[in-house]
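# Descriptive analysis of the structure
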Amino acid sequence: MRALALPESGSQPQLVDIDIPAPAAGEVRVRVHAASVNGFDLAVANGHLEGMMEHRFPVVLGKDFAGVIDSVGPGVTGHAAGERVFGVVTKTFLGDGSFGEYVTVPVAVGLAKLPDGVAFAEAAGLGLAGVAALDSVRAAEIAEGSTVLVSGATGGVGGQVVQLAVAAGARVIATAHTDEEKAHVGALGATETVDYTRDPAGAVLAGHPDGVDVVFHFAGDAATLLPALRNGGRVVSPLLGSPDQLPTETATVIPIYANPAPETLARLAQNQADGATTVIVQRKYPLADVPTAFADFAAGTLGKLVVTID
Ligand SMILES: NC(=O)c1ccc[n+]([C@@H]2O[C@H](COP(=O)([O-])OP(=O)(O)OC[C@H]3O[C@@H](n4cnc5c(N)ncnc54)[C@H](OP(=O)(O)O)[C@@H]3O)[C@@H](O)[C@H]2O)c1
């Protein structure tokens, strides 16, 4: 099968031809139709995870996938060949990524059925970013009528959070720099924007002197955002590994490690099917153009970058 992989340690990502994997016990094999780019993929591609996670070369890159189950491993119940699914590769080693024609994944975590009304390209954009978004919003415990700041609102995680926070009854202040970014977050439901290149916390306080109830931290330096938070507010961040990384005596700091539980994935897919939230697909790339997608991602996003696999 064709896959986008690191052939060996220190190599650049490239298109390779490798054997189609067989599903192990508790796994299914998915014929991948779409995948999407996350910061994690760039970290792996740049060798930043060598020494931190086992690498089984060739390391096929990619976390998010959407496609159709074509083979079911021993012991799997509740899933069958022909089923439309999507999710996040959660293996403890790197190697079995989603940027290929087939991927094998466990059914216990990181997999959910895909409603008919949701396209593969949309579902592929929901995976890791969607889970981080839903986990973040749940951790924030948003009260009706509260005000939240979303730093990184233009990205994959932030775009979902803006919509979920509005749906939870919050007034959303979003970071945006250009007019295009302002229009983007406005279309998602943000009622105010602050320019992250010009003291975003100061801009928030100018309009909200008591500070906001929640700061969602998906980009930028959390310490510079803290002054925008009211006493007793929450900082929710998938960029922090521990509350110790953001010392404060007035706020609750909640690190997020996205957990792609089937129930969370199913909720995201249903939100998309119902029109409660929308994945913004900024651009689609064929498998061979993943390196271009990585460069575009690193240059800044306005939604999700999706890889399509025919
Ligand atoms: N812990 C976990 O489980 C987990 C899971 C998923 C994601 N994450 C992390 O969560 C973060 C967000 O993920 P993502 O997929 O949404 O990334 P993303 O698509 O790159 O989004 C980040 C967005 O923030 C903008 N931005 C850059 N610098 C900024 C600043 N100083 N202030 C405000 N916005 C800024 C970027 O666009 P411009 O540069 O064009 O303005 C981009 O649109 C990443 O760091 C990712 O690694 C963690």
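The model shown is predicted, which means the values in this text are computed figures rather than measured ones. All residue numbers refer to position in the chain's written sequence, counted from 1. Owing to the predicted nature of the model, reporting of local features is limited to residues with pLDDT of at least 70; listing and counting of side-chain atom pairs is limited to 80 or more, with chain, interface and lining totals taken over all residues. To obtain the side-chain values, all non-hydrogen atoms of the structure were included, while hydrogens and water were left out.

Further remarks concern the sheet that holds strand β12 (residues 212-217). With respect to topology, six strands assemble into an open sheet ordered β11-β10-β9-β12-β13-β14, the strand pairing being parallel. Two strands lie at the open edges of the sheet, namely β11 (192-194) and β14 (252-255), each paired on one side alone. Ignoring strand direction, the axes of neighbouring strands in this sheet form an average angle of 20°. Bridge count for strand β13 (residues 229-237) against β14 is four bridges, and the pairing is parallel. Within the sheet, the bridge partner assigned to R234 lies in β14 and is T252. Note on contacts: a residue pair is in contact if any heavy atoms of the two residues lie within 4.5 Å. Each axis is a line fitted through C-alpha atoms, taken for helices only over the stretch in contact, and angles between the N-to-C directions span 0 to 180 degrees. The helix and strand labels rest on DSSP assignments: H or I over at least four residues marks a helix, E over at least two residues marks a strand, and numbering proceeds from the N terminus. Strands β9 (147-151), β10 (171-175) and β12 of the sheet are contacted by helix α4 (residues 156-167), whose axis makes an angle of about 170° with β9. For two strands to count as paired, DSSP must find a minimum of two bridges between them.

On to the nonpolar core. Among buried residues, those of type Ala, Val, Leu, Ile, Met, Phe, Trp, Tyr and Cys that are joined through side-chain atoms within 4.5 Å constitute a nonpolar core. With a 1.4 Å probe rolled over the protein chains alone, any residue whose accessible area is under 20% of its type maximum counts as buried; one over 50% counts as exposed, and the rest are partly exposed. Residues F86, I142, V148, V150, V161, F216 and V236 are the most contacted members of the largest nonpolar core, which totals 49 residues. With nine residues, helix α3 (residues 127-140) is the largest single contributor of residues to this core. Residue ranges assigned to each domain were obtained from an automatic or database domain assignment. Here this core spans two domains, since at least three of its residues come from each of domain 1 (2-126 + 279-308) and domain 2 (132-255). Not counting chain neighbours up to four residues away, the residues in contact with V161 comprise A133, V137, V150, F216 and F218. With 33 residues, the next largest nonpolar core counts V30, I69, L94 and L111 among its residues.

Attention now goes to the packing of aromatic side chains. When two rings of Phe, Tyr or Trp (its six-membered ring) have centres within 6.5 Å they constitute a pair, described as stacked for plane angles under 30 degrees, edge-to-face for angles over 60, and tilted for the intermediate range. Counted according to the given criterion, the structure contains two aromatic pairs. Considering the side-chain rings of F99 and F294, the 6.3 Å spacing of their centres and the 45° angle between planes classify their relative orientation as tilted. Placement of F99 in the loop between β6 (84-88) and β7 (102-106) and of F294 in helix α9 (residues 290-299) is noted, with a sequence separation of 195 residues between them. The class of F99 is buried, set by a relative accessible area of 0%. Judged by relative accessible area, which is 8%, F294 ranks as buried. On the numbers, 5.9 Å between centres and 20° between planes, the contact of F216 with F218 is stacked. Look at F216 and you get buried, because its relative accessible area is 0%. Any Lys NZ or Arg CZ that is within 6 Å of a ring centre and within 35 degrees of that ring's normal is treated as a charge sitting over the ring. The residue whose ring lies beneath R29 is Y102, and the NZ or CZ to ring-centre distance is 5.4 Å. Against the face of F93 rests R56, its NZ or CZ located 3.6 Å from the ring centre.

This part takes up the site of the ligand. We call a residue near a molecule or strand as soon as one heavy atom of that residue lies within 4 Å of the molecule or strand. Around the ligand, a shell composed of 22 residues is seen, among which T154, V157, Y196, A258 and T301 lie nearest. As used in this structure description, the phrase polar contact means that two N or O atoms lie within 3.5 Å; if the pair is within protein, one of them must be able to donate a hydrogen and the other to accept it, and residues adjacent in sequence are counted only when both atoms belong to side chains. Taking G155, its main chain carries an N or O atom lying 3.3 Å from an oxygen atom of the ligand. At a separation of 2.6 Å, an oxygen atom of the ligand approaches a polar side-chain atom of Y196. Against a free-state accessible area of 910 Å², the protein chains account for coverage of 77% of the ligand. The set of elements that each furnish at least two residues to the shell around the ligand consists of α3 and α4. All accessibility values rest on the Shrake-Rupley procedure with a 1.4 Å probe; residue burial counts only the protein chains present in the view.

Once the domains are mapped, the chain shows domain 1 (2-126 + 279-308) and domain 2 (132-255). Here the C-alpha centroids of domain 1 and domain 2 sit 29 Å apart. If you look at the interface, domain 1 gives seven residues, while domain 2 gives eight residues. A 1.4 Å probe defines the accessible area here, and the buried area is the portion of it lost by two parts on being joined, summed over both. Of the roughly 570 Å² buried between domain 1 and domain 2 on both sides combined, carbon and sulfur atoms contribute 66%.

At a closest axis distance of 8 Å, the pairing of α3 and α4 adopts a crossing angle of 45°. Overall, the two elements α3 and α4 adopt an arrangement that is oblique. Considering only the axes of α3 and α4, their crossing is right-handed. Each of A129, G130, A132, A133, L134 and V137 in α3 lies in contact with α4, whose residues at this interface are G156, V157, Q160, V161 and L164. Put simply, angles under 35 degrees are roughly parallel, angles over 145 are roughly antiparallel, angles from 65 to 115 are roughly perpendicular, and the rest are oblique. By definition, any crossing whose near helix is turned counterclockwise from its far helix by less than a right angle is left-handed, and any crossing with a clockwise turn is right-handed.

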